[in-house]
Amino acid sequence: MMFGELRQNLINSNVADVKVVVFGGGTGLSNIVGGDCRQKSWVKNPFNGLKEVFPQTRAVVCVTDDGGSTGELLKDLPVIAIGDVRHVLLSSIQLEKLKRNYQLSDNEAGKVVKLLSDIFNYRFHDKPLSASALLEASGADLDLLPRQVAEYITRAVELCFTVPSLQKTLKRQHCLGNLIVISLFADIFSEDKRPGSSFKIEEGLAEEIYRRLSELAELLGAAEDAVLPCTLTPAQLRFFYNNGVQVSGEHKSSHAQRGYPVERVNVDFSGRPYVSDRLVSAITDADILIMAPGSLYSSII
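Source: prediction; values computed, not measured. (Residues numbered from 1 in each chain as written. Predicted model: local features only at pLDDT ≥ 70, side-chain atom pairs only at ≥ 80, totals over all residues. Heavy atoms only, no water.)

Q: Help me out: how do you make sense of the overall build of the protein in this one?
A: If you tally the helices and strands in the protein, you get 15 helices and 9 strands. In terms of overall size, the protein behaves like a compact globule, its C-alpha atoms giving a radius of gyration of 19 Å where 301 residues would be expected to give roughly 19 Å. Summarising its shape, the C-alpha atoms of the protein cover approximately 55 × 55 × 40 Å along the three principal directions. Relative to its full complement of 301 residues, the protein shows a buried share of 50%. If you take every contact in the protein between residues at least 6 apart in sequence, the share linking residues at least 24 apart comes to 73%. (Helix = DSSP H or I, 4+ residues; strand = E, 2+ residues; numbered from the N terminus. Rg over C-alpha atoms; globule rule 2.2 N^0.38 Å. Buried < 20%, exposed > 50% of the residue type's maximum accessible area, 1.4 Å probe, protein only. Contact = heavy atoms within 4.5 Å.)

Have a look at this one:
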């Protein structure tokens, strides 16, 4: 009954200026914000979710996932988990913002989102020969995207073939969208830090990366600062079970069937955790704070 009243109050009120911050990992967070864009059925109805009720929704994303393409990136680069950032970013695209940015009809906006989903979720297994070959293999026609979006995606993928530190990870299996997002970090890879080594992103560059991520969000049709990594400092989870067993890494722990309860969880950072002023301001200014559904240990806590 209380939820029914809440729903009716939201329908009867103008909530366009209400600021919402949602905390979580990848799957639960993307589902509540705008649906899981990795599912093929998502493109049939991509504009639902919290973002359509509250246009000023921002997602604070965990950065300790180490499975899939993200895990492959971590073998070569000192970077946070990119996969969750990628699909929450895509799930945050709003119909009205996309239409307003590029003067699109509802039908045209739907087609743009379908193309973006094809590109960002495309996975390759063999090392691509070139940026153009990789984009072509995704099956998406960039000519059908708004010019600014197509140019950005092209530049981002080309960076992965020209920056030496990014180049070396192309030999691994990856999700194309992760490479597009990882291009935001291209500046720091010139130092060629080894994964797992002590690593620090200078404050000025860190804030610049958050700014670029915000620009990418708005370019794709999401809200300003729609996706905020909780930190840019690479980190790994460590699980301690009450039988004395220790498991490192979120992916490995999620598949572990120990038969014993978790006693405690540590987060091992590669340097002092950097928390952005943008993130702090978003939380401070929020009218509503939400914990998305997700894993208790690896997302919520």
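Q: Which parts of the structure should I look at to understand empty space enclosed by the protein?
A: Any space left empty among the atoms is revealed by the rolling of a water-sized probe across them. With the rule as written, the count across this model stands at 1 cavity of 30 Å³ or more. In this structure, the largest cavity occupies an estimated 50 Å³ of space. Lining the largest cavity we find Ile80, Ile82, Val85, Val181, Leu184, Phe185, Ile209, Leu213, Pro229 and Leu232. When its residues are assigned to classes, the lining of the largest cavity shows 10 nonpolar, no polar and no charged. (1 Å grid on protein atoms, 1.4 Å probe; cavity = no way out; pocket = protein on both sides within 12 Å on 5 of 7 lines; lining within 4 Å. Points joined across faces, edges and corners; volume = space filled by probe spheres on them. Nonpolar A, V, L, I, M, F, W, Y, C, P; charged D, E, K, R; others polar.)

Q: Please explain the side chain of Ser276 as it appears in this structure.
A: Within the element layout of this structure, Ser276 appears in the loop between β8 (262-269) and α14 (277-285). Looking at Ser276, its side chain comes within polar contact range of the main-chain nitrogen of Arg278, at 2.9 Å. Excluding anything up to four places from it in sequence, Ser276 contacts Glu207 and Tyr210. (Polar contact = N/O pair within 3.5 Å; in protein donor to acceptor, adjacent residues only side chain to side chain.)

Q: Can you help me understand the environment of Arg264 in this one?
A: Topologically, Arg264 is positioned in strand β8. Considering only alpha carbons, one finds Arg264 and Arg58, 206 residues apart in sequence, at a separation of 29 Å. Not counting the four nearest positions on each side in its chain, Arg264 is found in contact with Arg238, Phe239 and Phe240.

Q: Help me understand helix α6 (residues 95-102) in this model?
A: For an α-helix, the turn length of 3.6 residues means that residues three or four places apart are oriented alike. Among the residues making up α6, those that are buried are Leu95, Lys97, Leu98 and Tyr102. Gln103 sits one or two positions beyond α6 and adopts a positive phi of about 50°.

These figures capture arrangement, not role.
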